[in-house]
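Fold and geometry: a report
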Amino acid sequence: MRTQVAIIGGGPSGLLLSQLLNRAGITTAIIERQSRDHVLKRIRAGVLEWGTVEVLRSAGVGARMDANGLVHQGIFLAAQNRQFRVDFKQTCGKQVMVYGQTEVTKDLYAAQDAMGTTIHEEASDVQPQDIDCERPFVTFRRGGQSFRIDCDFIAGCDGFHGVSRQSMPSEKRKEFERVYPFGWLGILTETPPVSGELIYANHPRGFALASMRNHRLSRYYIQVPLEGRAEDWPDQLFWEEFKRRLPSEATARLVTGPSIEKSIAPLRSFVNEPMRYGRLLLCGDAAHIVPPTGAKGLNLAVSDVHYLSEALKQHYDGKDSHALDAYSERALARVWKAMRFSWWMTMLLHRFPEQTEFEQRIREGEINYIAESIAAQSTMAENYTGLPF
Ligand code: APR
Ligand code: PHB
């Protein structure tokens, strides 16, 4: 088999890259380790920067998002039993769209099916080959048979645990990492969201976040110790802790109900440099991981894909390969700015083991400063709604 761009990974990065390239007449083949059902069962964040909204619309997958997504023009920060609103429109003139990543992935799969794109699901032993040669290829096994796809480029869109990053020679790449000493316990519940916009709460007992998927589906999180397991948290215990950490004006409106999904996710900041080696180019979680606090994971994957798809189009249009040569540096410049913001929000809102009361007061002091400063709110708003591509 032969294609122009072989894409390892059928998550948001791989699917969106394939969709943008196919619409420009560039052939692709996606090789995905899991089944489509497995990929679509993943519960992930749901805040889209407006740049992401525009890329999805340009990819022809914006219809359901525009019909079902929720436009949000602010968020709430809370501490010391008080909450205040950071108004995006008033401070930076921008907004975000609340629309679950699962829905984005569904829309991308449907669009790729409509284009007749080849997606090899449930592939095993996937291996990028000859990535430092002019004619790379990917080998994999499926249904007991071995396959080879010859290509011009390989896009490593296979996430943090994928094979692509590890295929780069270790002496040719550098990793930067910070692992946080806590996790997020998240639940999905068929109850009306406690607030029309997200509430990010700092509390001496730990962080809490009130989010949503739509007007009937709430997504709530509390910071928990890393050693914990989701089964250690019966719903009742979750609700009791969640109520302790939100301001009372919010908990007064809270509608509780049974969880339909419950899981714990670790938090880490991670960057692999560079994002290219030879004919292998990394996108999304394969190259970087952000703590979910700033809702940047999917949005950084989209900006990587935007840069890479534009560079590949220029290459195939016979113009030049300057954009391809600049891809890693251009993508990393935006990655590090979002990495910094996600780190800053995580440090501001969470309780750290062994933190002193002085450190908690400093966090509360910074949140109170943001509450009183339009300049501070503008800085937060322009980062949260997304820096320019
Ligand atoms: N071979 C083929 N596919 C693989 C391999 C492999 N060796 N390893 C992993 N994959 C697949 C995974 O099954 C997954 O479907 O690659 C895909 C990677 O998808 P994501 O992990 O979702 O990463 P990405 O597409 O970059 O999307 C980033 O997803 O995890 C969230 O928070 C993250 O919102 C961000 C977004
Ligand atoms: C979510 O809705 O899952 C979500 C929203 C905002 C975040 C993280 C997760 O910062």
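Let us look at the structure shown here. (Residues numbered from 1 in each chain as written. Chains lettered and ligands numbered in written order. Predicted model: local features only at pLDDT ≥ 70, side-chain atom pairs only at ≥ 80, totals over all residues. Heavy atoms only, no water.)

1. Quick notes on the site of ligand 1
Put simply, the rule is: Nearness of a residue to a molecule or strand requires only that one of the residue's heavy atoms be within 4 Å of it. Two N or O atoms count as a polar contact when they lie within 3.5 Å, although within protein this holds only if one can serve as hydrogen donor and the other as acceptor, and sequence-adjacent residues are included solely when both atoms are side-chain atoms. With residues, only the protein chains shown are counted as cover, and all accessible areas are computed by Shrake-Rupley using a 1.4 Å probe. Put simply, DSSP marks the helices as runs of H or I at least four residues long and the strands as runs of E at least two long, and each gets a number from the N terminus on.
Close contacts around ligand 1 come from 23 residues, with Ser-13, Glu-32, Arg-42, Arg-44 and Gln-101 the closest. Interatomic distance of 3.3 Å between a backbone N/O atom of Pro-12 and an oxygen atom of ligand 1. Arg-33 has a polar backbone atom sitting 3.1 Å from a nitrogen atom of ligand 1. When ligand 1 sits alone it has 710 Å² of accessible area, and the protein chains cover 90% of it. Looking at the shell around ligand 1, the elements that each hand over two or more residues are helix H1 (12-23) and helix H10 (297-316).

2. Section: the sheet that holds strand S8 (residues 118-120)
Pairing between sheet strands relies on hydrogen bonds along the backbone, with the strands arranged either parallel or antiparallel. Selection criterion: Any two strands between which DSSP finds at least two bridges are classified as paired.
Read from one edge to the other, the open sheet built from six strands follows the order S8-S2-S1-S12-S19-S18, with strand pairing classed as mixed. Only two strands of the sheet have a single partner each, and these edge strands are S8 and strand S18 (276-277). Sheet topology places strand S2 (residues 28-31) next to S8; three bridges connect them, and they run parallel. When the bridges of S8 are listed, Ile-31 appears paired with His-120.

3. Overview of the pairing of S2
Worth spelling out the cut-off: To sort residues, take the accessible area from a 1.4 Å probe on protein chains only and compare it with the maximum for the residue type: under 20% means buried, over 50% means exposed, and anything in between is partly exposed.
Residues of S2 alternate between two faces, with Thr-28 and Ile-30 on one and Ala-29 and Ile-31 on the opposite face, all of them buried. Where strand S1 (residues 5-8) lies against S2, four bridges are found, and the strand directions are parallel. Within S2, the residue paired with Ile-8 across the bridge is Ile-31.

4. Examining the site of ligand 2
For the record, the criterion: A pocket, in this scheme, is an open set of points on a 1 Å grid over the protein atoms alone with protein on both sides within 12 Å along at least 5 of 7 lines, while a cavity is a set where a 1.4 Å probe fits but cannot get out; residues line either one if an atom lies within 4 Å of a point. A molecule is said to be in a cavity or pocket once over half of its atoms fall within 2 Å of that pocket's grid points. Under the scheme applied here, ten amino acids are nonpolar (Ala, Val, Leu, Ile, Met, Phe, Trp, Tyr, Cys and Pro), four are charged (Asp, Glu, Lys and Arg), and all others, including Gly, are polar. Throughout, the edges of the domains are those of an automatic or database domain assignment.
Around ligand 2 there are 14 residues in total, and Tyr-200, Ser-211, Arg-213, Tyr-221 and Pro-292 lie nearest to it. When isolated, ligand 2 has an accessible area of 280 Å², and the protein chains bury 100% of it. Judged by the fraction of its atoms near the pocket grid, ligand 2 is located in the largest cavity. Among the secondary structure elements, those contributing two or more residues to the shell around ligand 2 are strand S15 (208-214) and strand S16 (217-224). Top element by residues in the shell around ligand 2 is S15. It accounts for three residues. Here the residues of the shell around ligand 2 sort into nine nonpolar, three polar and two charged. Both of domain 1 (5-72 + 96-177 + 268-345) and domain 2 (180-267 + 350-385) provide at least three residues apiece to the shell around ligand 2.

5. Here we look at the nonpolar core
Stated formally: Here, nonpolar core means buried Ala, Val, Leu, Ile, Met, Phe, Trp, Tyr and Cys residues that are tied together by side-chain atoms lying within 4.5 Å of each other. For this analysis, residues touch if any pair of their heavy atoms sits within 4.5 Å.
Residues Val-5, Leu-16, Leu-17, Ile-31, Leu-48, Leu-308 and Tyr-327 are the most contacted members of the largest nonpolar core, which totals 65 residues. Among the elements that take part in this core, H10 stands out by supplying eight residues, more than any other. Ignoring any residue separated from it by four or fewer positions in sequence, one finds Tyr-327 in contact with Met-275, Leu-281, Leu-282, Cys-283, Asp-304, Tyr-307 and Leu-308. By size, the runner-up hydrophobic cluster in this structure holds 33 residues, among which are Leu-77, Leu-198, Ile-370 and Tyr-384.

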